Amino acid sequence: MSDELLPIGRFARLCRLSVKQLRHYDALGLLKPARVDPGSGYRYYRASQAREAMVIGLLRSLDVPLPVIGRVLAGADLAGTLGEVRDRMEAELERRRRMLAALERVLAEGLPRVEVTVLQEPARHVRLVREIATPATIADSTSRCVARLLGELDGGTPSGPLIGLFPQDLAEEFTVAVAAEVPAERADEVLPGGVFAAAVHTGPYEQIDLTGHGLLAWCGEHGHVPAGPLREVYLNNPADTPPEGLMTRLMVRLEDAG
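Reference entry: report on the structure contained in this document. Remember, it's a predicted structure, so these values are computed and weren't measured experimentally.

**Let's talk about the overall build of the chain**
Broken down by element type, the chain carries 7 helices and 11 strands. Expected size for 258 residues packed as a compact globule is a radius of gyration near 18 Å; at 24 Å, the chain overshoots this value by more than 25%. Dimensions of the chain, computed from the C-alpha atoms along their principal axes, are close to 75 × 50 × 35 Å. Put simply, 67% of the contacts in the chain that link residues at least 6 apart link residues at least 24 apart.

**Concerning the packing of aromatic side chains**
Throughout the structure, instances matching the rule amount to 3 aromatic pairs. A ring pair is formed by Phe11 and Tyr45, whose centres lie 4.6 Å apart and whose planes are at 5°; its orientation type is stacked. You can see Phe11 sitting in helix α1 (residues 8-15) and its partner Tyr45 sitting in strand β3 (residues 43-46), a full 34 residues away along the chain. The exposure class assigned to Tyr45 is buried, which follows from its relative accessible area of 0%. Ring centres of Tyr205 and Tyr234 lie 5.5 Å apart, and the angle between their planes is 70°; this geometry places the pair in the edge-to-face category. Placement of Tyr205 in the loop between β9 (194-202) and α7 (208-221) and of Tyr234 in strand β10 (residues 226-234) is noted, with a sequence separation of 29 residues between them. What makes Tyr205 partly exposed here is its relative accessible area of 29%. For Tyr234, a relative accessible area of 13% corresponds to the buried category.

**Things to note about the sheet that holds strand β8 (residues 189-191)**
Across a sheet, paired strands are connected by hydrogen bonds in the backbone, their directions being either parallel or antiparallel. Here we have 8 strands laid out as an open sheet, ordered β4-β9-β11-β10-β6-β7-β5-β8, and antiparallel in their pairing. The sheet is open, and its two edges are formed by β4 (117-121) and β8, each paired on a single side. Geometrically, the sheet is characterised by an average inter-axis angle of 40° between neighbouring strands, direction not taken into account. Pairing geometry for β4 and β9, over 5 bridges, is antiparallel. Bridging from a neighbouring strand, Leu119 pairs with Phe196 of β9. In this fold helix α6 (residues 138-152) packs onto β5 (124-133), β6 (163-166), β7 (174-181) and β10, with an angle of close to 140° to the strand it touches most, β5. Docked against the sheet, α7 engages β4, β9, β10 and β11 (247-254), running at close to 30° with respect to β11.

Reading the values: the criteria
- Residues numbered from 1 in each chain as written.
- Predicted model: local features only at pLDDT ≥ 70, side-chain atom pairs only at ≥ 80, totals over all residues.
- Heavy atoms only, no water.
- Helix = DSSP H or I, 4+ residues; strand = E, 2+ residues; numbered from the N terminus.
- Rg over C-alpha atoms; globule rule 2.2 N^0.38 Å.
- Contact = heavy atoms within 4.5 Å.
- Phe/Tyr/Trp six-rings, centres within 6.5 Å; stacked < 30°, edge-to-face > 60°.
- Buried < 20%, exposed > 50% of the residue type's maximum accessible area, 1.4 Å probe, protein only.
- Pairing = 2+ DSSP bridges.
- Axes fitted to C-alpha atoms, helices over the stretch in contact; angles between N-to-C directions.

The structure is reproduced here in structure tokens:
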């Protein structure tokens, strides 16, 4: 392949990328032009840079984060970095399989009816972290909240189960949060107590929405007004529990119950 200088538009077509993408990669230091015209600021690339450009494009098509791509291009622990990418893709594939299983269950059996109990929940002093999410990123956002929260706790181990907090209605963007109960002097927030409707979900986190729907449907059928975020209390550790054995207590406060 000739190593002549190519204007950015021609180079973009060669690599199946957009000019906007190339400018973005330049700004991030991932792929610098071979030459920038000092007068016009126009960028030129060598044909030999096409390999790096196409590697970036392929990795981005797999949703690999840009910092990871930078490590790949730098050749730092290439096998380990690509192994991380492979592990993440396999985990995502397994997550989608579990979501498909939930869909098949709904189509075959209809929406489930769940066993609901009404309980008195005390106010809890907590450390809490939040992140903005979308319906497509809620799982990843929740995982990042968990990691950040565990990093803030002494020894990285909570004294009790973690608590996820999710809005009842999912907009295009919304806030998710994860909390851990701590002594009052170390807390940054208080989760209010009150009367709650609760149901236990057994199975993968990807299928929690089925139990959540059943819980909220029970509230409507019994004339209750659910208030505040839906709480997910994670009763066992996904690190040492298979997905089918995970237990999560879903709770929602009953506004009309005092």
